[in-house]
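Take a look at the letters that make up each chain.
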Amino acid sequence: MDLKESIKDLWKDIYGTGNLHFCFNCSTCVSGCPASHGDPPLLVRNLARKVILGLEEDLLQDDTPWACVSCSRCEEMCPMNVMPFEMILAIRQWQCRNDETRVPPAIVEIYKRGYTQAVGVNKELRESLGLPQLNTITDNPEQLEFFREMLMKTQVVSDNDYMFGG
Ligand code: SF4
Ligand code: SF4
């Protein structure tokens, strides 16, 4: 990590609308994150530090945001309402904006089901606890089809449509 290369206002570009600066590095988001056991691990807290410190090159090369399985646990657990999952999505968008040739590692999975990996929404558990069911894109075929059509219009996907059965 080279702080000499840092860009002070990078966070505004990436995730300027969030509560990112309230992050106090507690690591709660990492402890509950299923992707934190991956190889390489997704370490949400570290990503938050990289955004705050403005480590542009580091972030552009970091593929770990694409390992997020969209379970939203970090969102529910963060004591400072940083909304880390939103930050992950913002980093992905920012990476793609900065490099239009980038083919995200999980793009085929995202195209197939709207998520990088199957999302366990614990339907039975939520029901037994009286919690409302989560609405995911995979439960909504029309929304998923619409999403696929949108993806197919992006250059990075249409240029590589052989990967998507096109
Ligand atoms: S849980 Fe929230 S406050 Fe704690 S490190 Fe993660 S983002 Fe920061
Ligand atoms: S939403 Fe993504 S980053 Fe957050 S806990 Fe789930 S897998 Fe980890």
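Predicted model, so just to flag it, every value in this text is computed and none were measured.

1. Topic: the site of ligand 1
Consideration 1: Near ligand 1 there are 15 residues, and of these Cys23, Cys26, Thr28, Cys29 and Cys78 occur at the shortest range.
Consideration 2: Listed by contribution, the elements that provide at least two residues to the shell around ligand 1 are helix 2 (28-31) and helix 3 (44-53).
Consideration 3: The element best represented in the shell around ligand 1 is helix 3, accounting for three residues.
Consideration 4: Looking at the shell around ligand 1 residue by residue, the class counts come to 11 nonpolar, three polar and one charged.

2. A closer look at the domain arrangement of the protein chain
Consideration 1: Splitting the protein chain by domain gives domain 1 (1-101) and domain 2 (103-166).
Consideration 2: Each of domain 1 and domain 2 has a C-alpha centre, and these two points are 21 Å apart.
Consideration 3: For the side of domain 1 that touches domain 2, the residue count by class is five nonpolar, two polar and three charged.

3. Some words on the site of ligand 2
Consideration 1: Around ligand 2, a shell composed of 16 residues is seen, among which Cys33, Cys68, Cys71, Arg73 and Cys74 lie nearest.
Consideration 2: For the shell around ligand 2, the elements supplying multiple residues, two or more each, are helix 5 (73-77) and helix 6 (84-98).
Consideration 3: Element by element, the count of residues in the shell around ligand 2 is highest for helix 6, at three residues.
Consideration 4: Taken together, the residues that form the shell around ligand 2 break down as 12 nonpolar, three polar and one charged.

4. A closer look at helix 6
Consideration 1: End to end, helix 6 covers 21 Å across 15 residues, agreeing with the expected 21 Å (1.5 Å per residue, within 8%).
Consideration 2: Inspection of helix 6 places Pro84, Phe85, Met87, Ile88, Ala90 and Ile91 among the buried residues, and these make up the whole buried set.
Consideration 3: Structurally, helix 6 contributes buried residues whose contacts are with helix 1 (10-15), helix 2, helix 3, helix 4 (56-61) and helix 5.

5. Here we look at the environment of Glu57
Consideration 1: Position of Glu57 among the secondary structure elements: in helix 4.
Consideration 2: For Glu57 and Ser6, which are 51 residues apart along the polypeptide, the C-alpha to C-alpha distance reads 8.8 Å.

6. With respect to the environment of Val51
Consideration 1: Within the secondary structure layout, Val51 lies in helix 3.
Consideration 2: Taking the C-alpha atoms as reference, Val51 lies 13 Å from Gln93; in sequence the two are 42 residues apart.
Consideration 3: When sequence neighbours within four positions are dropped, the list of residues in contact with Val51 reads Leu10, Trp11, Ile14, Tyr15, Leu20, Leu59, Met87 and Ile91.

Conventions and cut-offs
- Residues numbered from 1 in each chain as written.
- Chains lettered and ligands numbered in written order.
- Predicted model: local features only at pLDDT ≥ 70, side-chain atom pairs only at ≥ 80, totals over all residues.
- Near = placed C-beta within 6 Å.
- Helix = DSSP H or I, 4+ residues; strand = E, 2+ residues; numbered from the N terminus.
- Nonpolar A, V, L, I, M, F, W, Y, C, P; charged D, E, K, R; others polar.
- Domains from an automatic or database assignment.
- Expected span 1.5 Å × (residues − 1).
- Buried ≥ 20, exposed ≤ 12 C-beta atoms within 10 Å, placed from the backbone.
- Contact = placed C-beta atoms within 7 Å.

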